[in-house]
Amino acid sequence: MNPQRMELVCPAGGLPALRTAVDHGADAVYLSLRGETNARNFPGLNFDRKALAKGIAYAHGKGTKVYMALNTYPQPDIWKAATEAVDAAAAEGVDAVILADLGLMRHAADNHPDLTLHLSVQGSATTAEALNFYHDRYGVRRAVLPRVLSLSQVAQVIERTKVDIEVFGFGSLCVMVEGRCMLSSYATGDSPNTKGACSPAHSVRWIETDRGREARLNGVLIDTFREGESAGYPVICKGRYHVGDGEDTVYAIEEPTSLSTLDILPDLLKAGVKAIKLEGRQRSPAYVGKATQVMRQALDAVHANPDNYTPKPEWAQQLAGMSEGRTQTLGALHRAWQ
Amino acid sequence: MKLSLGPIQYYWPRERVMDFYKAVEAAPVDIVYLGETVCSKRRELRPADWLELADRLSAASKTVVMSTLALMEAESEQLALERLVNNGRYMIEANDATGLGLSTGKPFVAGPHINTYNAGTLKELADVGAVRWVMPVELSRDILAAMHAARPQGLETEVWGFGRLPLAFSARCFTARARNLPKDNCELACIDYPGGLSMSTQDGNDFLNINGIQLQSADPANLIHAVPELLDMGVEVLRISPEPEGTEQVIQAFRDCIEGTRSSAQAMEQIKGLYPRFSNGYWKGEAGMNWQESLSA
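Residues numbered from 1 in each chain as written. Chains lettered and ligands numbered in written order. Predicted model: local features only at pLDDT ≥ 70, side-chain atom pairs only at ≥ 80, totals over all residues.

**Observations concerning the overall build of chain A**
Helix and strand counts for chain A come out as eleven helices and 14 strands. A globule of 338 residues ought to have a C-alpha radius of gyration of about 20 Å, and chain A, at 20 Å, matches this closely. A fraction of 63% describes how many contacts in chain A between residues 6 or more apart in sequence connect residues 24 or more apart. (Helix = DSSP H or I, 4+ residues; strand = E, 2+ residues; numbered from the N terminus. Rg over C-alpha atoms; globule rule 2.2 N^0.38 Å. Contact = placed C-beta atoms within 7 Å.)

Shown next, in the form of structure tokens:
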């Protein structure tokens, strides 16, 4: 018996990515308007109002849902832009908005009672009680869980909450509780919460030295790469540092790695997870297409026969080829990672 | 402006905690936040011990608030929080939405880990029952001024004035990782680091500070030079976060500055030897790690 299906939610940083996600089997795509109202505020990324209308028409024409993420915490100077973005989402007919900020949720609930609300991963809700708070107060129907709970904890939360649960299935791995990380602003002034940016490109400098290639973030040395070492983008949580009096430089927080739940999709289904999200609105359309295609095949296999699911080696290979640091982890879902 | 003492972020042996709060009874702070905010495995003090400490501080004329975990993962943590919310004597400081949900309709403090970035959110928190909000540490003077001016009536504003900044929380324990221990068998290693474990860059600069599942700034935030502006704005409460050394001097310096018996420059003289460096970059809307001796606009 197949109790339910898990929805495949794919990233769309622009129209080409949206089209390729839809064409490769996404059940839903998530996107953002340009500016500081979303957690992937990168140059050249995201939608203007016209592209949004086009994207919605394309997706809806093929039966795919569109969610709009407005998941930073707007400060007073961009409050107006943020509420206008919620209004635009409602006017254009998105299927849900993904919010984190309490003030914005109130705005949406009061002004657009028919607009479906999802709680962003940036909302940092990790317990049933927290999720129910958002449900009871704002009518939140779905929440994306921060990447901090073990699989059994995810199952426990689902048992006790009225909110549908979405989890990250593949992509970059936030080591910190999302919405609770100020490492980037401590070094650069910009954080996901304030500017929708982690380790903003304008603060990154690559410097060739005798010891190797230095990656600096606003002057802070995040890592030094010797010749032949693959040099990842310098985010603070994946740099190498000295700890205490230690002489060695170590990945004190986390190694460059990606999250992949390919192996445990049936467990997520049995736990009652309602949707699997692929990370990566900053990724190329080619990446989005490939990741969507692999996860589509995997989910179809799980739905067809959850008790006899074995991920095909070529799926794992394809995802591995797209991974940061070329290694993969279950992250917090696997207790030992913690 | 009142002075508050935040919860101890580190894991100290029971005796040390008791001695610390014995001294606090006589210290010139008005509000004391008690309890564990980082990790539920830290049990040198049991809930009943914290409440007993609260009674003692309360008898010494301190207003006591019970602080709560910033990251809730296990169901047992949620149940413990429920008991704490219903302790019947002391208000809690909610540090995540679990706390908001459980406190709905009761007076509480929205702690520094509740993401409060605009006046719309302030109104929501007040509607839920908040009587005070603590500004997220990454916000600037200008944002504070705008939000403080727009806050609902009866909602007090508190600002992080001194101490290592709580910058991030994770499911992973970085102290256990540094000791090559699994989190589930961490041997409560945090107790060996009363001021956390330093994390420095490859070129030898102190950058962050490991404190269990929390990462802090290496350099304590220090808003002593902002005290005149905070007074002008009418901010109600300024928070000192306990550090293993020098907390009494820091409290006294801020108290003197608030009361005008010392200028901020004079107060700074009293504490500047305590740490190699401080940070105050967030105050001016810059990288939090920056430090400027002069904060004039």
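This is not the end of the story, as more comes after the structure.
**Brief notes about the packing of helix 1 (residues 15-23) of chain A against helix 10 (residues 285-304) of chain A**
All names here are of chain A. The interhelical angle for the contact between helix 1 and helix 10, taken along N-to-C directions, is 20°, at an axis separation of 8 Å. If you check the angle between helix 1 and helix 10, you find them roughly parallel. Classified by chirality, the crossing of helix 10 by helix 1 is right-handed. Taking contact as the criterion, the partners of Pro16, Ala17, Thr20 and Ala21 in helix 1 are, on helix 10, Pro285, Val288, Gly289 and Thr292. (Axes fitted to C-alpha atoms, helices over the stretch in contact; angles between N-to-C directions. Parallel < 35°, antiparallel > 145°, perpendicular 65-115°, else oblique. Left-handed = near helix turned anticlockwise from the far one by under 90°.)

**A word on the domain arrangement of chain A**
Residue and element names in this part refer to chain A. When its domains are assigned, chain A resolves into domain 1 (7-173 + 257-337) and domain 2 (184-238). Inter-centroid distance (C-alpha atoms) of domain 1 to domain 2 is 26 Å. Contacts between the two partners involve eleven residues from domain 1, matched on the other side by seven residues from domain 2. Across the side of domain 1 that touches domain 2, the residue classes tally to two nonpolar, six polar and three charged. (Domains from an automatic or database assignment. Nonpolar A, V, L, I, M, F, W, Y, C, P; charged D, E, K, R; others polar.)

**Regarding the UniProt feature "binding site: [4Fe-4S] cluster" (unreviewed entry) in chain B**
Residue and element names in this part refer to chain B. Per the UniProt record, "binding site: [4Fe-4S] cluster" (unreviewed entry) is annotated on Cys39, Cys173, Cys186 and Cys190. Their sequence span is 152 residues, while the largest C-alpha to C-alpha distance among them is just 11.7 Å; these annotated residues converge on one region. Here Cys39 shows up in the loop between strand 2 (31-34) and helix 2 (47-59). Apart from residues lying up to four places away in sequence, Cys39 is in contact with Gly212 and Ile213. Structurally, the position occupied by Cys190 is in the loop between helix 7 (174-178) and strand 9 (197-200). If we skip the residues at most four places from it in the chain, Cys190 touches Tyr11, Arg42, Thr175, Asn211 and Gly212. (UniProt positions renumbered as here; feature names shortened; annotations may be inferred.)

**A look at the interface of chain B and chain A**
Reports often express the size of an interface as the amount of accessible area lost when the parts come together. Contact residues are listed per partner, giving 54 residues for chain B and 57 residues for chain A. When residues of the side of chain B that touches chain A are assigned to their parent elements, the largest contribution, five residues, is made by helix 4 (residues 97-103) of chain B. Residue classes in the side of chain B that touches chain A are distributed as 28 nonpolar, 16 polar and ten charged. Sheet analysis places strand 11 (residues 242-243) of chain A next to strand 9 of chain B, joined by two bridges and oriented antiparallel. Directly across from Val243(A), in strand 9 of chain B, lies its bridge partner Met199(B). (Pairing = 2+ DSSP bridges.)

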